[in-house]
Amino acid sequence: GMTDVTLAFKQESTETTAMFEGSGQADSEKWKCAELPGDCAEFIFKSDGDGINDPARRWGVWALVMPASAPHVSTQVIDALAEKWVEV
């Protein structure tokens, strides 16, 4: 076996890179993101208002992020999960 071995790892980059940017109505093709590298991600959402005086203009964000190794989940299952989520 190996004894007295030291492994050293160097992070390639400490800078973040935007991997996806989007806006508009729900659309499974438009809101598709490539596989993200690593094991974490940062999400930033911006808005020019919250529709406080106009409930019909209110909006929200719902995202499902899964490991690449996870089994594929159908759009119908994701939609049903999102519907249940907004009921709470």
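Not measured: the values here are computed from a predicted model.

## Notes on the environment of L7
- Mapped onto the elements, L7 comes out in the segment before helix 1 (75-87).
- Note: C-alpha distance between L7 and V88 (81 residues apart in sequence) is 48 Å.

## Notes on the pattern of salt bridges
- Counted under the stated rule, the structure contains one salt bridge.
- For E29, the salt bridge is made with K32, and the minimal N-O distance between the two is 3.2 Å.
- Taking the relative accessible area as the measure of exposure, K32 reaches 49% and is therefore partly exposed.

## Some words on the packing of aromatic side chains
- Evaluation of the coordinates by the stated rule reveals two aromatic pairs.
- Their ring planes at 50 degrees and their centres at 5.6 Å tell us that F20 and W31 sit as a pair that is tilted. Taken together, the positions of F20 in the segment before helix 1 and W31 in the segment before helix 1 put the pair 11 residues apart, joining distant regions of the chain.
- Under the relative-accessibility criterion, W31 is labelled partly exposed at 38%.
- Where F43 meets F45, the ring centres are 6.5 Å apart and the plane angle is 10 degrees; that geometry is what we call stacked.
- Since its relative accessible area comes to 46%, F43 is described here as partly exposed.

Conventions adopted
Residues numbered from 1 in each chain as written. Predicted model: local features only at pLDDT ≥ 70, side-chain atom pairs only at ≥ 80, totals over all residues. Heavy atoms only, no water. Helix = DSSP H or I, 4+ residues; strand = E, 2+ residues; numbered from the N terminus. Salt bridge = Lys/Arg side-chain N within 4 Å of Asp/Glu carboxyl O. Buried < 20%, exposed > 50% of the residue type's maximum accessible area, 1.4 Å probe, protein only. Phe/Tyr/Trp six-rings, centres within 6.5 Å; stacked < 30°, edge-to-face > 60°.

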